[in-house]
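# Fold and contact review
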Amino acid sequence: MAESAPLRILHCFRSPVGGIFRHVRDLVEEHRAAGHEVGILCDSSTGGAHEDRLFESIEPQLSLGLTRIPLRRAIVPSDLMAIYRSYKHIKSLKPDILHGHGAKGGALARLIGSTLRVNKYRVARLYSPHGGSLHFDRSSLSGRVVLGLERFQEYFGDALVFVCDYERRTYEAKVGKPRTLTKVIYNGIKDAEFETIATDPSAPHFLYIGMLRDLKGPDVFIDAFARTERAVGHPLSALMVGDGPDRDRYEAMMAERGLGRRIGMKPAMPAREAFALAKIVVVPSRAEAMPYIVLEALAAGKAVIASRVGGIPEVLGEANEALAVPGNAEDLARVMTQAVTTPGWKDRVMPKPEAFKAVFSASVMAREMLELYQNLLDSKPVAGHR
């Protein structure tokens, strides 16, 4: 792509936790390094000490600033004030790109971006669902309302960006065939993370890392671990790393099954620190879009066992033996048993490092995103302010 003037890019999203925040941070770092001006607008009422540290580390790169205002998950009357405050602030920044992430961020970016366009500002409006509203079911009233709003908002956007083809297919099935430009751009991992993490031979066999809530499948993991022990005929060991609303229930579940001494629990920590503590990463989610934990684990040279959900099969391969039926502890245990009893299982089943890095690196992700930004601006010029 021909070299162009630096862009002013603003990312809008609600909650600064999890995969969306990681995705935005990676884009910020890559695009800032390429000479572009970048900023963030997100919720002020979520996140904790860990997220505060992440903001401290990235804020020096935010030449368009870090703005945090109250943004509730549900649609509430206070949204009107949040939208007005956001509009005034964004207008003052004069962005070229408004990129909304998640349902609330997408609504802000497209509504405010459209208002700026009416006032002759040159701005491109993008939306990345990151799962979000696509988890709703069309058979429910709430699902029909939310998915109907997604359809309506297509009139106010210039492009839909999906993190995997599964997400694109889900959008088409639940919302409808998009009436605007669409692009699949895979999440990517920074070059520094493509370094193998050594694990002590005496480390626990299995690692669960993530939110402690049923959507992510910790209960399936515990059940599958017990079944795997029975299948191999001797005790195994595991570690669960994370925080969440259901932690006490999972501890009680382990105690009832007599697993308390063989499954340890630790609070949330950086993924690469956790990878050093166990041999095989298990991702038993009931639903996902494109989870970073799978990418991070593979980049670190870990063996991964995961549910066949979201974009995970696009990473591991559609027919990969490491994939299990979502929410099915028996099938997950089958894969876990194979992994610990089959010599050479990891080398045979996991993706080859070179091919994996060529697709799922942050530099590839950022370059493709930047090309999309520039193409949108080139194809939809708007007279007036820059």
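The structure contained in this document is the topic of the report that follows. Computed from a predicted model, the values in this text were never measured in an experiment. (Residues numbered from 1 in each chain as written. Predicted model: local features only at pLDDT ≥ 70, side-chain atom pairs only at ≥ 80, totals over all residues. Heavy atoms only, no water.)

### Digging into the overall build of the protein
Counting secondary structure elements, the protein contains 15 helices and 13 strands. Counting only C-alpha atoms, the protein reaches 70 × 45 × 40 Å along its principal axes. Across the 386 residues of the protein, 52% fall into the buried class. Long-range contacts, defined as pairs at least 24 residues apart, comprise 74% of the intrachain contacts of the protein with a sequence gap of at least 6. (Helix = DSSP H or I, 4+ residues; strand = E, 2+ residues; numbered from the N terminus. Buried < 20%, exposed > 50% of the residue type's maximum accessible area, 1.4 Å probe, protein only. Contact = heavy atoms within 4.5 Å.)

### What about the pairing of strand S10 (residues 263-266)?
On S10, burial follows the alternation: Ile 263 and Met 265 on one face are buried, whereas Gly 264 and Lys 266 on the facing-out side are not. Sheet analysis places strand S9 (residues 238-241) next to S10, joined by 4 bridges and oriented parallel. Paired with Val 241 across the two strands is Lys 266, which belongs to S10. Assessed by its sense of winding, the connection that carries the chain from S9 through helix H8 (residues 247-256) to S10 is right-handed. (Pairing = 2+ DSSP bridges. Right-handed = clockwise from strand over helix to strand, strands pointing away.)

### Description of the sheet that holds strand S3 (residues 66-69)
With respect to topology, 7 strands assemble into an open sheet ordered S3-S2-S1-S4-S5-S6-S7, the strand pairing being parallel. Either end of the sheet is taken by a strand with one partner, and the two such strands are S3 and strand S7 (181-184). On average, each strand axis in the sheet is tilted by 20 degrees relative to the strand beside it, whichever way the strands run. Against the sheet, helix H15 (residues 362-379) makes contact with strand S1 (8-13), strand S4 (97-101), strand S5 (124-128), strand S6 (159-162) and S7, and its axis sits at roughly 140 degrees relative to S5, the strand it touches most. (Axes fitted to C-alpha atoms, helices over the stretch in contact; angles between N-to-C directions.)

### Structural notes on unusual backbone geometry
Phi at Lys 94 takes a positive value of approximately 50 degrees, unusual for a residue other than glycine. Topologically, Lys 94 is positioned in the loop between helix H3 (79-93) and S4. The exposure class of Lys 94 is partly exposed, given its relative accessible area of 35%. A positive phi angle, near 70 degrees, is found at Lys 120, a position not held by glycine.

### Regarding the side chain of Asp 43
Tracing the chain through its elements places Asp 43 in strand S2 (residues 37-43). Ignoring anything within four residues of it in the chain, the contact list for Asp 43 reads Phe 13, Arg 14, Pro 16, Arg 68, Ile 69, Pro 70 and Leu 71.

### Points about the sheet that holds strand S8 (residues 206-209)
Taken together, 6 strands build an open sheet; the order of strands is S10-S9-S8-S11-S12-S13 and the sheet is parallel. In this open sheet, the two edge strands, each paired with only one partner strand, are S10 and strand S13 (323-324). The strands touched by H8 within the sheet are S9 and S10, with S10 carrying the most contacts at an inclination of about 165 degrees.

### Brief notes about the nonpolar core
Phe 206 and Ile 305 are the most contacted members of the largest nonpolar core, which has 86 residues in total. Residue contributions to this core peak at 9 residues, all from H15. With sequence-adjacent residues up to four places away left out, Ile 305 is seen in contact with Phe 206, Ile 280, Val 281, Val 282, Val 283, Ala 322, Leu 332, Val 335, Met 336, Ala 339 and Trp 345. One finds Cys 12, Ala 109, Ile 112 and Val 123 within the second-largest nonpolar core, a separate group that totals 16 residues. (Core = buried A, V, L, I, M, F, W, Y, C linked by side-chain atoms within 4.5 Å.)

### Some words on the packing of aromatic side chains
The geometry of two aromatic rings is summed up by the distance between their centres and the angle between their planes. Counted by the stated rule, this structure contains 10 aromatic pairs. Ring geometry for Phe 206 versus Phe 225: centroids 6.5 Å apart, planes at 90 degrees, classification edge-to-face. Placement of Phe 206 in strand S8 and of Phe 225 in helix H7 (residues 218-232) is noted, with a sequence separation of 19 residues between them. This pair shows no difference in class: Phe 206 is buried, exactly as Phe 225 is. An aromatic cluster of three or more residues is present, and its members are Tyr 186, Phe 194, Phe 356 and Phe 360. In this arrangement the basic side chain of Arg 110 is found over the ring face of Tyr 127, its NZ or CZ atom lying 4.0 Å from the centre. (Phe/Tyr/Trp six-rings, centres within 6.5 Å; stacked < 30°, edge-to-face > 60°. Lys NZ or Arg CZ within 6 Å of the ring centre and 35° of its normal.)

### Quick look at the environment of Phe 221
When you line up the elements, Phe 221 lands in helix H7. Of the residues examined, Phe 221 reaches a relative accessible area of 0% and is grouped as buried. In contact with Phe 221, other than residues within four places in its own chain, are Phe 206, Leu 207, Tyr 208, Ala 238, Met 240, Val 282, Pro 284, Leu 332 and Met 336.

### Section: H8
For H8, every residue scored as buried is listed here: Tyr 250, Met 253 and Met 254. Taken end-on, H8 shows its buried residues confined to a sector of 95 degrees, consistent with a single buried face. Along H8, the residues that are exposed and aim more than 90 degrees away from the buried face are Asp 248, Ala 255 and Glu 256. Against H7, S9 and S10 lie the buried residues of H8. Within two residues after H8, Gly 258 carries a phi angle of roughly 70 degrees, on the positive side. (Arc of directions from axis to C-beta.)

### Topic: helix H10 (residues 292-299)
Along H10, 8 of the 8 residues are buried, which leaves the element largely enclosed by surrounding structure. What H10 keeps buried is the set Tyr 292, Ile 293, Val 294, Leu 295, Glu 296, Ala 297, Leu 298 and Ala 299. Gly 301 sits one or two residues past H10 and shows a positive phi near 80 degrees.

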